[in-house]
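# Observations on the model geometry
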Amino acid sequence: MNINVAIDGPAGAGKSTIAKKLAKELSYIYVDTGAMYRAMAYYFMQNNIDSADKEKIDSVCGEIDITITHQNGEQVVLLNGDNVNGVIRQEAVGKMASCISVYPSVRSKLVDLQRQLARKESVIMDGRDIGTVVLPDAQVKIYLTASSRTRAQRRFEELCSKGVECDIDAIEKDIIERDKQDMNRKVSPLKKADDAVLLDSSNLDIEGVLAEMKRIIGEKI
Ligand code: C5P
């Protein structure tokens, strides 16, 4: 039987870092659903489609093919056949993803794909609506969060280590804005599923979160 582990939470909570490590240890497939919304957003940006133009977005959704493959444990997102992993991590693409993820046409296309992946294999899937909408029957559901300041601090340190000049207050402001947008949209807003375990990582390092997650998973399966 396939095992489904659903991890939801706000931007910058560390979901993907932790989910990737867990998937490796448990030999499950890691599915990063945010990357799929980012790939759709990238397509709209490349084609100069405004995030407010619902009609246009609805009409071009059918032209977009998103395919997910895995290479050495890494998820590869193909957008109409092209690997877009290298371009979708930019901040602008994340913001656009948050804007276009409000549309049912975008969501239903990606939710279908996500469910197909979970049917095929045991997965650890992270996103915003995995426990609530995509995999409501997942055996394990975790809502991973941290204070906006902690999340901003982590992002700040990551950018500084890459030599990128940045301002922690501006980063925190962006994080709060994205949370607001994701939590308040009409369709599939970000929220903790009733049966999800809440894990606040504000005072934990990566190893601490990983240990907590393993304990939660071990209790459920
Ligand atoms: O997780 P990540 O920052 O890559 O996600 C980018 C955006 O995609 C989120 O801010 C959110 O608006 C959207 N998203 C979503 N549902 C998911 C995953 C991501 O709406 N399951």
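Parameters at a glance
- Residues numbered from 1 in each chain as written.
- Predicted model: local features only at pLDDT ≥ 70, side-chain atom pairs only at ≥ 80, totals over all residues.
- Heavy atoms only, no water.
- UniProt positions renumbered as here; feature names shortened; annotations may be inferred.
- Core = buried A, V, L, I, M, F, W, Y, C linked by side-chain atoms within 4.5 Å.
- Buried < 20%, exposed > 50% of the residue type's maximum accessible area, 1.4 Å probe, protein only.
- Helix = DSSP H or I, 4+ residues; strand = E, 2+ residues; numbered from the N terminus.
- Contact = heavy atoms within 4.5 Å.
- Near = heavy atom within 4 Å.
- Polar contact = N/O pair within 3.5 Å; in protein donor to acceptor, adjacent residues only side chain to side chain.
- Areas by Shrake-Rupley, 256 points an atom, 1.4 Å probe, with all protein chains shown as cover.
- 1 Å grid on protein atoms, 1.4 Å probe; cavity = no way out; pocket = protein on both sides within 12 Å on 5 of 7 lines; lining within 4 Å.
- Points joined across faces, edges and corners; volume = space filled by probe spheres on them.
- Nonpolar A, V, L, I, M, F, W, Y, C, P; charged D, E, K, R; others polar.
- Phe/Tyr/Trp six-rings, centres within 6.5 Å; stacked < 30°, edge-to-face > 60°.
- Axes fitted to C-alpha atoms, helices over the stretch in contact; angles between N-to-C directions.
- Parallel < 35°, antiparallel > 145°, perpendicular 65-115°, else oblique.
- Left-handed = near helix turned anticlockwise from the far one by under 90°.

- Under an unreviewed UniProt entry, the name given to the chain is Cytidylate kinase, and the organism recorded is Lachnobacterium bovis DSM 14045.
- According to the UniProt record, the Subcellular location (unreviewed entry) comment for the chain is "Cytoplasm".

## Quick notes on the nonpolar core
- The biggest cluster of nonpolar side chains holds 39 residues, and the ones touching the most others in it are Met40, Phe44, Ile66, Ile100 and Val106.
- Mapped by element, the contributors of at least two residues to this core are helix 2 (33-46), helix 3 (54-60), strand 3 (66-71), strand 4 (74-79), helix 4 (91-100), helix 5 (104-120), strand 6 (123-127) and helix 6 (130-134).
- Ranked by the residues each element gives to this core, the list is headed by helix 2, at 9 residues.
- Dropping the residues within four chain positions of it, isoleucine 66 is found in contact with Met36, Ala39, Met40, Val77, Leu78, Leu79, Leu110 and Leu113.

## Things to note about the site of the ligand
- As a structural note, the neighbourhood of the ligand is formed by 16 residues, with Arg38, Arg107, Asp129, Arg178 and Asp182 the closest of them.
- Contact between the ligand and serine 101: an oxygen atom at 3.1 Å from a side-chain N or O atom of the residue.
- Interatomic distance of 2.9 Å between a side-chain N/O atom of arginine 185 and an oxygen atom of the ligand.
- Bound to the protein, the ligand loses 95% of the 460 Å² it would expose on its own.

## Regarding the layout of surface pockets
- The calculated volume of the largest pocket comes to roughly 1400 Å³.
- Around the largest pocket, the lining comprises 50 residues; the ones closest to its centre are Ala11, Gly12, Ser16, Arg38 and Arg89.
- Looking at the lining of the largest pocket residue by residue, the class counts come to 15 nonpolar, 13 polar and 22 charged.
- Taken together, Lys20, Lys21, Ala23, Lys24, Ser27, Tyr28, Ile29, Tyr30, His70, Asn72, Gly73 and Glu74 make up the full set of residues lining the second largest pocket.
- The leading source of residues in the lining of the second largest pocket is helix 1 (residues 15-26), at 4 residues.
- Looking at the lining of the second largest pocket, its residues break down into 4 nonpolar, 4 polar and 4 charged.

## So, empty space enclosed by the protein
- Per the counting criterion, the structure on display carries 1 cavity of 30 Å³ or more.
- Each pocket or cavity is described by its volume, and for the largest cavity that value is around 40 Å³.
- The wall of the largest cavity is formed by Ala6, Asp8, Gly131, Lys141, Ile142, Tyr143, Lys191, Lys192, Ala193 and Ala196.
- Those elements that place two or more of their residues in the lining of the largest cavity are strand 1 (4-8) and strand 7 (140-145).
- Among the elements that make up the lining of the largest cavity, the one with the highest residue count is strand 7 (3 residues).
- When the residues that make up the lining of the largest cavity are grouped by side-chain class, the tally is 5 nonpolar, 1 polar and 4 charged.

## Points about the packing of aromatic side chains
- Scanning the entire structure with this criterion turns up 1 aromatic pair.
- Aromatic side chains tyrosine 43 and phenylalanine 44 sit 6.1 Å apart centroid to centroid with 80 degrees between the ring planes, which places their arrangement in the edge-to-face category. Grouping residues by exposure puts tyrosine 43 and phenylalanine 44 together as buried.

## As for the packing of helix 4 against helix 8 (residues 168-184)
- Interaxial distance between helix 4 and helix 8 falls to 9 Å at its minimum, and their mutual angle equals 25 degrees. Taken as axis vectors, helix 4 and helix 8 run roughly parallel relative to one another. Handedness of the crossing formed by helix 4 with helix 8: left-handed. On helix 8, the residues touching Glu91, Gly94, Lys95, Ser98 and Cys99 of helix 4 are Asp174, Arg178, Gln181 and Asp182.
- Split by residue class, the contact of helix 4 with helix 8 holds 1 nonpolar, 3 polar and 5 charged.

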